[in-house]
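What follows is the residue order along each chain.
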Amino acid sequence: MRKLFRYLFSVLLFITSIGVYCSNRLMYMKKKDDAFILKREKEAGRYDPVSFENLTKQEITIPSPYGYELKAILVEPYDTKKYIIISHGVTENKTSSIKYMNLFLERGFNGIIYDHRRHGESGGKNTSFGYYEKFDLKQIVDWVKREKGKDIILGIHGESMGAATMILYAGGIEDGADFYIADCPFSDFTEQLNYLIKQEIKLPGKVFIPIANLFLRARARYSIKDISPISVIDKIKSPMLFIHSQKDDFILPEMTQKLFDKKQGPKKLFFAVNGFHAQSYNENKEAYEKAIDDFLTEYVKSD
């Protein structure tokens with residue numbers, strides 16, 4: 001009896017250790033330092049402090065439905081009804097969104113950049129890879145429409161987790177924008193985790209993911225299974241441009257292909273030749289901008 005008890009205790013301890021470790025890795029994924037991001041973007045020429053300071057802008061605080069504050073910057077150099085929201089990737093912050101915002105400023109849009117929960121200056125205790133972030137994105141959209149009018153031309157650009165968040169918002173909550181640009185999203189979080197686990201420790205993810213999911217449900221009140229852009233993409237009717245680097249080995253380009261194939265209605269697809277994950281714009285600037293211009297010309301009306 002004692003041997004059985006010790007065996008059961010050892011198994012329980014093993015499962016608990018794996019569950020806590022795996023759920024911690026997801027909930028508290030190590031973020032890049034804000035100063036590092038600022039320095040990186042400045043040295044790469046993607047952020048010019050003087051130009052950014054001279055933009056007509058205001059810092060805004062938008063309440064999340066989960067009790068914390070979302071920090072955003074509204075940039076309005078133009079008297080226009082065209083607005084773009086930029087949704088950054090995991091471990092990043094709104095500074096990394098400036099390069100995309102500038103791209104749209106050059107095309108006559110006003111812009112909104114913001115920090116996801118537990119990133120940058122926003123509140124929130126953990127990261128959920130789009131599950132809770134999609135509701136925060138709805139708050140950003142609601143704020144813009146409330147302040148600037150429901151007749152605005154609104155687009156959303158998302159990168160990596162930000163792109164997955166955008167798809168989960170548009171397909172799972174409301175198709176609330178006039179167009180979307182999804183840069184290197186994952187199609188299904190379970191599939192993505194399984195791939196990353198195999199890459200990191202050469203073991204199948206099915207050994208760890210159910211345990212991690214059990215602990216996430218208990219600790220953070222969400223399920224990995226609920227983070228599945230591919231399950232809602234066909235509900236999005238507004239035009240969408242999909243972008244991915246052919247060399248991306250973190251989120252495979254096949255995931256974007258699957259999303260593109262299932263998306264209903266107007267859509268375009270651009271595979272960048274150079275760069276790895278989230279580097280399509282940095283390494284293919286002219287081709288990236290042409291893909292944006294072709295998409296906007298075909299699907300987005302001018303004001």
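First, a word on scope: everything that follows refers to the structure included in this document. Counting restarts for each chain, with residues numbered from 1 along the sequence as it is written. Side-chain atom pairs in this predicted model are given and counted only at pLDDT of 80 or more, local residue features only at pLDDT of at least 70, and totals for whole chains, interfaces and linings cover all residues. By convention in this description, side-chain values take in all heavy atoms of the structure and omit both hydrogens and water.

**A closer look at the overall build of the protein**
Here is step 1: Helical segments are the DSSP runs of H or I of at least four residues, strand segments are the runs of E of at least two, and each set is numbered from the N terminus. Check the secondary structure of the protein and you find 11 helices and 8 strands.
Here is step 2: Overall, the protein is about 80 × 40 × 35 Å in size when its C-alpha atoms are taken along their principal axes.
Here is step 3: Residue contacts are defined here by distance: any two heavy atoms, one from each residue, within 4.5 Å place the two residues in contact. Summarising the internal contacts of the protein: among those between residues at least 6 apart in sequence, 74% fall at separations of at least 24.
Here is step 4: Put simply, the protein has 45 plus and 40 minus side-chain charges, and the middle of one group is 9 Å from the middle of the other. In this tally, Lys and Arg are treated as positive and Asp and Glu as negative; His is ignored, and so are the chain termini. Charged groups are reduced to one reference atom each: NZ for lysine, CZ for arginine, CG for aspartic acid, CD for glutamic acid.

**Quick look at the packing of helix α4 (residues 98-105) against helix α11 (residues 285-299)**
Here is step 1: At their nearest, the axes of α4 and α11 sit 12 Å apart, and the two run at 50 degrees to each other. By the angle between their axes, α4 is oblique relative to α11. Crossing hand, α4 versus α11: right-handed. Seen from α4, the contacting residues are Tyr100, Leu103 and Phe104; seen from α11, they are Tyr288, Glu289, Ile292 and Leu296. Every axis in this analysis is a line fitted to C-alpha atoms, fitted for helices over the stretch in contact. Angles between the N-to-C directions lie between 0 and 180 degrees. Should an angle fall under 35 degrees it is called roughly parallel, over 145 degrees roughly antiparallel, and 65 to 115 degrees roughly perpendicular, with every other angle called oblique. For a crossing to be left-handed, the near helix must be turned anticlockwise from the far one by less than a right angle; the clockwise case is right-handed.

**Notes on the sheet that holds strand β4 (residues 110-114)**
Here is step 1: When DSSP finds two or more bridges between two strands, those strands count as paired. With mixed pairing, 8 strands are arranged side by side in an open sheet as β1-β2-β4-β3-β5-β6-β7-β8. A strand with exactly one partner marks an edge of an open sheet, and here the two such strands are β1 (57-63) and β8 (267-272). Shown here is a sheet whose adjacent strand axes are inclined to one another by a mean of 20 degrees, direction ignored.
Here is step 2: As defined by bridge partners, strand β5 (residues 153-159) adjoins strand β6 (residues 179-183) across 5 bridges and the pair is classed as parallel. Within β6, the position partnered with Glu159 by the bridge is Asp183.
Here is step 3: On the sheet, helix α5 (residues 133-148) packs against β1, β2 (69-75), β3 (82-87), β4 and β5 and is oriented at approximately 160 degrees with respect to β3.
Here is step 4: This element, helix α9 (residues 253-262), spans β7 (240-245) and β8 of the sheet and lies at about 170 degrees to β8.

**Structural notes on helix α6 (residues 161-172)**
Note: α-helices contain 3.6 residues per turn, so residues at a spacing of three or four share the same orientation.
Here is step 1: To estimate how far a helix should reach, multiply one less than its number of residues by 1.5 Å. Spanning 12 residues, α6 covers 15 Å between terminal C-alpha atoms, matching the ideal 16 Å at 1.5 Å per step.
Here is step 2: With 11 of its 12 residues buried, α6 lies for the most part within the structure.
Here is step 3: Every buried residue of α6 is listed here: Met161, Gly162, Ala163, Ala164, Thr165, Met166, Ile167, Leu168, Tyr169, Ala170 and Gly171.
Here is step 4: Looking at the buried positions of α6, the neighbouring elements they touch are β3, α5, β5, β6, β7 and α9. Burial classes follow relative accessibility: with a 1.4 Å probe on protein chains only, a residue under 20% of its type's maximum area counts as buried, one over 50% as exposed, and anything between as partly exposed.

**Quick word on the packing of α5 against α6**
Here is step 1: Contact geometry for α5 and α6: axes closest at 8 Å, N-to-C directions at 75 degrees. Put simply, α5 runs roughly perpendicular to α6. On α6, the residues touching Glu133, Lys134, Leu137, Lys138 and Val141 of α5 are Met161, Thr165, Met166, Leu168 and Tyr169.
Here is step 2: Each residue is assigned to one class: nonpolar for Ala, Val, Leu, Ile, Met, Phe, Trp, Tyr, Cys and Pro, charged for Asp, Glu, Lys and Arg, and polar for all the others, Gly among them. Residues of the contact of α5 with α6, tallied by class, amount to 6 nonpolar, 1 polar and 3 charged.

**Here we look at the layout of surface pockets**
Here is step 1: Buriedness for pockets is judged along seven lines, at least five of which must meet protein on both sides within 12 Å for an open set on the 1 Å grid over protein atoms alone, while cavities are sets there where a 1.4 Å probe fits but cannot get out, and lining residues have an atom within 4 Å of a point. Grid points are joined across faces, edges and corners, and a volume is the space filled by probe spheres set on the points. Considering only enclosed or pocket space, the largest pocket measures out at about 990 Å³ in volume.
Here is step 2: Around the largest pocket, the lining is made up of 39 residues, and of these Arg25, Met29, Phe129, Leu196 and Phe250 lie nearest the centre.
Here is step 3: For the lining of the largest pocket, the elements supplying multiple residues, two or more each, are α1 (2-27), α2 (34-43), α7 (189-201) and α8 (209-219).
Here is step 4: Examining the composition of the lining of the largest pocket, we find that 7 residues originate from one element, α7, more than from any other.
Here is step 5: Each pocket or cavity is described by its volume, and for the second largest pocket that value is around 320 Å³.

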